[in-house]
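One letter stands for each residue in the lines below.
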Amino acid sequence: MKTRITELFGIRHPILLSGMSWISVPEMVAAVSNAGGLGILATGVYSTTQTRAAVRRIRELTDKPFAANVTLYFPGAHENARVLLEEKVPVINISMGKGDKIAAECHAYGGKVIGTVVNVKHAKAAEAWADALLVTGHEAAAHGGDVTTLVLVPAIADAVKIPVIAAGGFADGRGLAAALALGAEGIALGTRLMMTQDSPINGACKALALDKGIADTVYTTRFDGQPCRILVSKGSKKAIRRGLDLPRAFVNSRQIAKMMGMPWGKLAIGVTASGWKNVKQLSFLANAFKAFQVSTLEGDVDKGVLPLGQVVGLIHDLPTVAEVLDRIVHEVEGARDRLDAALS
Ligand SMILES: Cc1cc2nc3c(=O)[nH]c(=O)nc-3n(C[C@H](O)[C@H](O)[C@H](O)COP(=O)(O)O)c2cc1C
């Protein structure tokens, strides 16, 4: 397969691993890149030391192109971006913020930049600094847009000149064929690649998710303060009922600061000084990080909260990462044959 995405990144298949905290770790990134796609490392919950070590570990595991994500509204994101630039990571994926300065430095060493967007306005703005856009529709796990992939992808493909990667709702070759037909030039997979043998998510989550259907997730702003899709579970129902919980955030933010190698006092003073909006957002985030950690690492969705896409209802097995990519590449041929037959 050849699209502007395969050409831009020097990869065989236009298939990317989405940046998923605690899941898109070096081994997963390398597995996707070695299988001919582009793995994206998630740095959201890493300290700068962990980010540097993760990038170096990927380079031990693969000599293929790879990417790393920075989610700009997470604490520590700009410091992690600095590490990615110092390490000259081949592709930097910037989400939830303006990436022009990071992009300029990345371009200076010959790197490429993917901007993640969820609406047409942000897509047009990101076109000024990104080489490609990752467009995340409503079906997606975690932070997809208000509009479904089916409508959002062609709207953005029409609005910009740079290539578009579609995300949210993709699990197989039919999905890739559909994305290409809509004007995208690649797809990014989250939930599907989380549901693989290689994925480090707790086995209890994989077993649970195998039984879930397309309607077993919910899209809410009451979990991490942003529109976010999560599995319906005891843990997520409790989190939604609670909404913003400042005393809990006070406790969780200490643990999160420690995990990310940040002095808590400095973080607390900085956030408080930056106004109520930031206090509110970071309090939501502190509780969300903790709840994600409890589900993905400990496998407890009664206490924790698991981001999950609607596409979980189309997933019925746990293949390896390499098998998923291989299948998609073969299935897309079947989809083309069906289209040819229907159109002839
Ligand atoms: C378990 C899990 C963890 C995720 N963590 C993050 C995250 O930390 N930051 C983020 O921006 N997106 C996160 N995502 C969302 C993915 O990056 C991606 O946008 C989404 O999974 C694509 O939709 P799909 O699941 O339908 O493939 C996560 C997704 C899953 C399934």
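Scroll up to find the structure.
This section reports on the structure supplied with the text. Per-chain numbering applies: the sequence of each chain, read as written, is numbered from 1 onward. Thresholds applied to this predicted model are a pLDDT of at least 70 for local features of residues and 80 or more for the giving and counting of side-chain atom pairs; totals over whole chains, interfaces and linings are not thresholded and use all residues. Only heavy atoms go into the side-chain values, all of them from the structure, while hydrogens and water stay out.

Here's the deal with the overall build of the protein
No. 1: Secondary structure assignment for the protein yields 15 helices and 10 strands.
No. 2: Oriented by its inertia axes, the alpha-carbon framework of the protein measures out at about 65 × 45 × 40 Å.
No. 3: By residue count, 53% of the 344 residues in the protein fall in the buried class.
No. 4: Note on contacts: a residue pair qualifies if any of its non-hydrogen atoms lie within 4.5 Å across the two residues. Here the contacts in the protein between residues at least 6 apart in sequence split such that 62% fall between residues at least 24 apart.
No. 5: Each accessible area is a Shrake-Rupley estimate made with a 1.4 Å probe; only the visible protein chains count as cover when residues are assessed. Here the protein displays about 14,700 Å² of accessible surface, and carbon together with sulfur accounts for 56% of that area.
No. 6: For the protein, the separation between the mean place of its 38 positive charges and that of its 31 negative charges on side chains is 8 Å. Starting at the N terminus, helices and strands are each numbered in turn, a helix being any DSSP run of H or I of at least four residues and a strand any DSSP run of E of at least two. A simple rule labels every residue: compare its accessible area, found with a 1.4 Å probe on the protein chains alone, to the largest value its type can have, and call it buried under 20%, exposed over 50%, or partly exposed in between. Only four residue types enter the tally: Lys and Arg on the positive side, Asp and Glu on the negative side; His and the chain ends are excluded. Charge positions are represented by NZ for Lys, CZ for Arg, CG for Asp and CD for Glu.

Quick notes on the site of the ligand
No. 1: Only heavy atoms are used to decide nearness, and a residue is near a molecule or strand if one of them lies within 4 Å of it. Not every one of the 17 residues close to the ligand is listed here, only the nearest: Gly19, Ser21, Gly169, Gly190 and Thr191.
No. 2: N or O atoms within 3.5 Å of each other form a polar contact, as long as, within protein, one can give a hydrogen and the other can take it, and as long as residues adjacent in sequence are counted only when both atoms are side-chain atoms. The side chain of Ser21 places a nitrogen or oxygen atom 2.4 Å from an oxygen atom of the ligand.
No. 3: One nitrogen or oxygen atom from the main chain of Gly169 is found 2.8 Å from an oxygen atom belonging to the ligand.
No. 4: Protein burial of the ligand: of its 600 Å² of free accessible surface, 93% is covered by the chains.
No. 5: Class assignment for the residues of the shell around the ligand results in nine nonpolar, eight polar and no charged. Ten residues, namely Ala, Val, Leu, Ile, Met, Phe, Trp, Tyr, Cys and Pro, are considered nonpolar, four, namely Asp, Glu, Lys and Arg, are considered charged, and the remaining ones, Gly among them, are considered polar.

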